[in-house]
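So you can see what is in the structure, the chains are spelled out below.
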Amino acid sequence: MEEARAAFLAVDGDASYISGGQSLVPALAMRLQAPAVLVDLSGIADLRGVELQGETLRIGALTRHADALTHPLIARHAPLLNAAAPFVAHPAIRNRGTLGGSVSLADPASEFPAMMLAMGAQMEIFGEDGFRRVPADDYFIDLYQTALEPGDILTALYVPSVGPHHRWAFDELARRRGDYAMVGAGILAHMDGALVESARIALFSVGSTPVRAPGAEAALAGRLLDAKTIADAQRALDDDLDPPDDEHIPAAMRRHLARVLLGRLLQRLGETP
Amino acid sequence: MNAPVHGSTAFDRPAHVGRGMSRPNAKRLLAGKGNYVTDLALPRMLHAAFVRSPHAHARIGAIDVEAARAAPGVRLVATGEDIAKLCTPWTGTLDHFKGMKSAPQLPLPVDKVVWSGQAVVAVVADSRAEAEDAAELVMIDYEELPVLADLDTALAPDAPKVTEDFADNLCFRSALDSGGVDAVFASAAHVVEADFLFGRHTGVPLEPRAIIADYDASEHRLTVHHATQTPFQFQDLYSRHYGIPEARVRVVAPDVGGSFGVKLHVYNEDMAVVGLSILCRRPVKFVADRLEAFVSDIHARDHRVHARAAVAADGTLLAMDVEDETGIGAFSTYPRTSVVEGNQVIRLIGAPYRLEGYRAGLKVVFQNKVQTSQYRAVGHPIACAVTEHLVDEAARVTGLDPLEIRAKNVIPDTAYPCASLSGYKFEKLSHEACLTKLRALMDYERLRTEQAELRARGILRGIGIATFVEITNPTPAFYGIGGARISAQDGAVLAVTPSGEVRCQISVTEQGQGTETIVGQVIADHLGVPRDIIRVMTGDTAVTPHGGATWACRGAGIGGETALQAARKLKTNVLSLAAGILQAKPADLDLVNAEVVDRDGTVRMSLAEVARIAYFRSDTLPDGAEAQLTVAHHFAPKGYPFAFTNGIHGCHVEVDAETGLVKILKHFVVEDCGRIINPLLVEEQVRGGVVQGLGAAFFEECLYDQGGQLTNGSLADYLVPMSCEMPDILIDHVETPTLDTELGAKGCGEAGTAAASAAALNAVNDALGPLGARLTQVPMTPARILKALGRF
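Residue and element names in this part refer to chain B. In this model, Tyr334 is joined to Pro335 through a cis peptide bond whose omega is 0°. Counting through the fold element by element, Pro335 comes out in the loop between strand E14 (317-327) and helix H10 (340-348). The backbone of His220 sits at a positive phi, close to 50°, despite the residue not being glycine. Following the sequence through the fold, His220 ends up in the loop between strand E9 (210-216) and strand E10 (221-226). Notably, Arg301 is not glycine yet its phi reads approximately 65°, a positive angle. Here Arg301 lies in strand E13 (residues 299-311). In this structure Arg301 comes out as buried when scored by C-beta crowding, with 27 C-beta atoms within 10 Å.

This brings us to the packing of helix H11 (residues 380-398) of chain B against helix H19 (residues 751-768) of chain B. All names here are of chain B. At their nearest, the axes of H11 and H19 sit 7 Å apart, and the two run at 35° to each other. In this structure, H11 meets H19 at a crossing whose hand is right-handed. Contact residues: H11 offers His380, Pro381, Cys384, Ala385, Glu388, His389 and Asp392, while H19 offers Thr753, Ala754, Ala755, Ser757, Ala758, Leu761, Asn762 and Asn765. Looking at the contact of H11 with H19 residue by residue, the classes come out as seven nonpolar, six polar and two charged.

This brings us to the sheet that holds strand E29 (residues 777-778) of chain B. All names here are of chain B. The mixed open sheet is built from six strands, whose spatial order is E7-E15-E14-E13-E8-E29. Two strands close off the open sheet at either side, each with one partner strand: strand E7 (170-177) and E29. Here twelve bridges tie strand E8 (residues 190-202) to E13, and the two strands are oriented antiparallel to one another. Bridge pairing links Val191 to Ala310 in E13. On top of the sheet, H10 reaches E7, E13, E14 and strand E15 (357-365); it is set at about 170° to E14, its chief contact.

Take the domain arrangement of chain B next. Residue and element names in this part refer to chain B. Once the domains are mapped, chain B shows domain 1 (26-34 + 489-635), domain 2 (37-146 + 208-256 + 262-296) and domain 3 (299-408 + 415-475 + 639-788). A straight line from the C-alpha centre of domain 1 to that of domain 3 covers 39 Å. With 15 residues of domain 1 at the interface, the matching set in domain 3 holds 18 residues. Elements with a minimum of two residues in the side of domain 1 that touches domain 3: helix H15 (515-528) and helix H16 (554-582). At seven residues, H16 tops the list of elements feeding residues into the side of domain 1 that touches domain 3. Residues of the side of domain 1 that touches domain 3, tallied by class, amount to seven nonpolar, six polar and two charged.

Hydrogen bonds along the backbone pair up the strands of a sheet, which may run parallel or antiparallel. Residues and elements named next belong to chain B. As summarised here, the arrangement of the three strands in space is E22-E23-E24, forming an open sheet in which the pairing is antiparallel. Pairing within the sheet leaves two strands with one partner each, and these edge strands are strand E22 (589-592) and strand E24 (603-606). Taken pair by pair, the neighbouring strands of this sheet meet at an average axis angle of 30°, ignoring direction. Pairing of strand E23 (residues 595-598) with E24 involves three bridges; the strand directions are antiparallel. Bridge assignment links Val596 to a residue of E24, and that residue is Met605. The strands touched by H16 within the sheet are E22, E23 and E24, with E22 carrying the most contacts at an inclination of about 120°.

Attention shifts here to the nonpolar core. Residues Ile187 and Leu203 of chain A together with Ala48, Val123, Ile523, Ala760 and Val764 of chain B are the most contacted members of the largest nonpolar core, which totals 327 residues. Here this core gets twelve residues from one element, more than from any other, and that element is H19 of chain B. When sequence neighbours within four positions are dropped, the list of residues in contact with Ala48 of chain B reads Ala122, Val123, Val124, Ala131, Val273, Leu276, Val284, Lys285 and Phe286 of chain B.

Helical geometry: 3.6 residues make up each α-helical turn, so side chains three or four residues apart lie on a common side. Compared with an ideal rise of 1.5 Å per residue, which puts 13 residues at 18 Å, helix H14 (residues 444-456) of chain B spans 19 Å between its outermost C-alpha atoms and is within 8% of the ideal. Looking one or two places after H14 of chain B, you find Gly458 of chain B, whose phi comes out positive at around 85°.

It is worth spelling out helix H7 (residues 231-242) of chain B at this point. All names here are of chain B. A rise of 1.5 Å per residue sets the reference length of H7, with its twelve residues, at 16 Å; its end C-alpha atoms lie 16 Å apart and thus fit the reference within 8%. Most of H7 sits inside the fold, with nine of its twelve residues counted as buried. Taken as a whole, H7 has its buried residues at Pro231, Phe232, Gln233, Phe234, Gln235, Asp236, Leu237, Tyr238 and His241. Next to the buried residues of H7 lie E10, strand E11 (249-252) and helix H8 (268-280). Phi turns positive one or two residues past the end of H7, at Gly243, with a value near 65°.

Each partner contributes to the interface: chain B provides 16 residues, whereas chain A provides 15 residues. With three residues, helix H20 (residues 782-788) of chain B is the single largest residue contributor to the side of chain B that touches chain A. Residue composition of the side of chain B that touches chain A, grouped by class: eleven nonpolar, one polar and four charged.

Rules used throughout
Residues numbered from 1 in each chain as written. Chains lettered and ligands numbered in written order. Predicted model: local features only at pLDDT ≥ 70, side-chain atom pairs only at ≥ 80, totals over all residues. Helix = DSSP H or I, 4+ residues; strand = E, 2+ residues; numbered from the N terminus. Buried ≥ 20, exposed ≤ 12 C-beta atoms within 10 Å, placed from the backbone. Axes fitted to C-alpha atoms, helices over the stretch in contact; angles between N-to-C directions. Left-handed = near helix turned anticlockwise from the far one by under 90°. Contact = placed C-beta atoms within 7 Å. Nonpolar A, V, L, I, M, F, W, Y, C, P; charged D, E, K, R; others polar. Pairing = 2+ DSSP bridges. Domains from an automatic or database assignment. Core = buried A, V, L, I, M, F, W, Y, C linked by C-beta atoms within 7 Å. Expected span 1.5 Å × (residues − 1).

Written as structure tokens, this is what we have:
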């Protein structure tokens, strides 16, 4: 990792780390980026592997999207990643793309970065002063801007393992399977029967970063998950969002879709045995 | 389907025509053994990249190419002036479109750019990457001009002109009037009307445009390897515009990965590449990448239509009155123009129905966008959607079921021959038979019952119907009459080889649809040999006779008939020779399964033996015996100007009124393409066409901003239909052979695209009707559906 950092910094930042390359290579092909140097991280063994460390799942940054679908530890301890994975692009991309790459890029329309927020994950970063951990809530700063400083390497994702009282739901509204969603969301709730003790809701494709929905979360906390609670959460969601107004999907439409999606996910959460 | 083709000899029992045979080339392509232009690397080959205009309308100032010339690997940097010295300009007009105008074009512009993405400067280098790197170093000064990015801006009385020399931005106007229309409307019980918008879209073949020009100065000879549908058209164009005698120009189209009309137009880059090869004296390759394809391949559609229909109280359609305005590019496309689509829209509207009156107006409008031109089902989807939406509206106001009102109003199957009020002459169509079959295919009554049950539970399903007429197999009345050197005939050279196999060199071409397969099937039957000893060669001007090739669904009807006639001619020669050898009468012999047989079927000698004697032992032939085992034959359609076909689509959808997303549950087609040569291929043509039609209905649209910038020019943003969203497509057939040919085949390549979007539009409206929402714009995006529902 030291060597990789040195190679990156040697060209004054005119470099790009590459792991799966599923976003970077198209950007290079389209001449949107033209770094002088590509630093390949894929040979660094420390960036690999999925292991349970106490109550936390450590997911190496080079873990492939496809592993989120198939890895038993991810399915057991980080089920939201597992639930989101089928919606991420297509098999060929999932076979190469890495979770660390996706979270490093922090595309606001991507599924995995948003799920870091919903799961309350921590990002392990190797930088100038060695390793540090950044909670997801502090990690996403602005469009494609994260807590990563130039030269920093995202090394692992630390995800709190779900317990018996957790319930989760994920879905997205996309015009075609595998496309970037018009709106997507994941919910991880701690529940006692029908009572929501607490919930983390994260949405994507609704702004310049993946976003939490604190208003909607508050509307759920301590409430029975019934129709009125769901309606309250949907209403509260409006203040949580400030979606962009693009001509193809106006802001008002994204708000509407987010409300619809949240309602459906909460409905599903209530139906989960 | 296995009935004998009329005109066959008593011996002839068609064994191949009518059978679903797989494509001999399919395995090769599936195995990755295809040989596309992109795969081809010639010795000393260079690569071209183009500097493209960032502006939709701007005057070109100083061009600084010095840094690019000095860049690594660069062999040539050429501007519009450089290539203009070699290539004469072209103008995309045809004489029979009276009054149409378009400015002359050069491969690269010399004074101004007229759309964003237009190629301005060419860079030729040892590799594509070096050419692209150097292209970034070319500095061009632009003086921006007002951009005409939509119809209203371009049609405004004081609008700036796309071409300064012209008085306005109108490329072409046309009008049709059967007379008496106003009176019919005035006395009609009902008038239904709507304003329609049809988004611009493009073809997106799997293989993008690709070309290698290879000029040999030592012989003043040009070879062009070109992913095209129409090799001879390009042979003629390269010859005339670059002043190289036609016989010294060879155009080779190897495997071509789809075309859909995209690959038969003149593109600036393609013409430029020929000039670049002449300048470099080396082969030069250009492959449009996907981003370039979006800003340089032809676009299509982009129509705004106001239409109304007069309807009697009992649901009889009386008259239609339509105005179509269509925005093309800054030029009319060469050599087939950009007005054919609009022309076909106004002529096809109402075409399946009996009407008392019809009136239509057409305006074809220049704007600062990439050119539009012929793309699969030219004009049909627009005409069909307009007509069929109005028919559904007529059903609604008169309380008739959508199938009933169509049954009541289509031209009866017994009424032929007849003509539409727009002047199309129909030999024989089968609307009623198709409608009856569709009802059964869909299990229509059950779907309606289910729809009502589900609606009660809040599930919105819709059923849409669309009847269509399709234009296929044009005669010279289509292009030739307008002065274009685009052939309506095709030619074949057919030979028995020395080992007794059969080689067919035919001018129709193959882009994945199976042209070579059906040509082989026709020859197999009409010569009397197994399909697997026939090799069909296409796509090379040095190999086949001259012909129009593949467009307007002419491969089967015209190519097939050419092959049939050639096979007959060759068979006559084979039997005549065999008769000489066998001391028999030709009339007493036949060729069956590559063996010469008696009337009673006794095998007399093999075709291989006839060939061996003809080629190697002609000394043993009796006096007067002619060993002519190679024949040439040309065929041009005569009789009806077009072989019209028809059919009907049904679309079944479920609309999520909360999200605006539509699930297409199933699509149904009953079509009549005349004699079916290969039902497998006909059905795959229809399915592929339906998918493109559903793409138009729900996904595909080239979106521009007011500055004339394409805002979704990538496959991430321009949505093509993908398998997950596509329904099962059920197909049934009615077979009404044309009597204009012996084969009886018409076209089928556009039948799927022609009506799929109309059926989908009607289906969505059928689902949303109870909520009071109505859409008259495609694609029907979630945003438009939610807007219509007032959800945001």
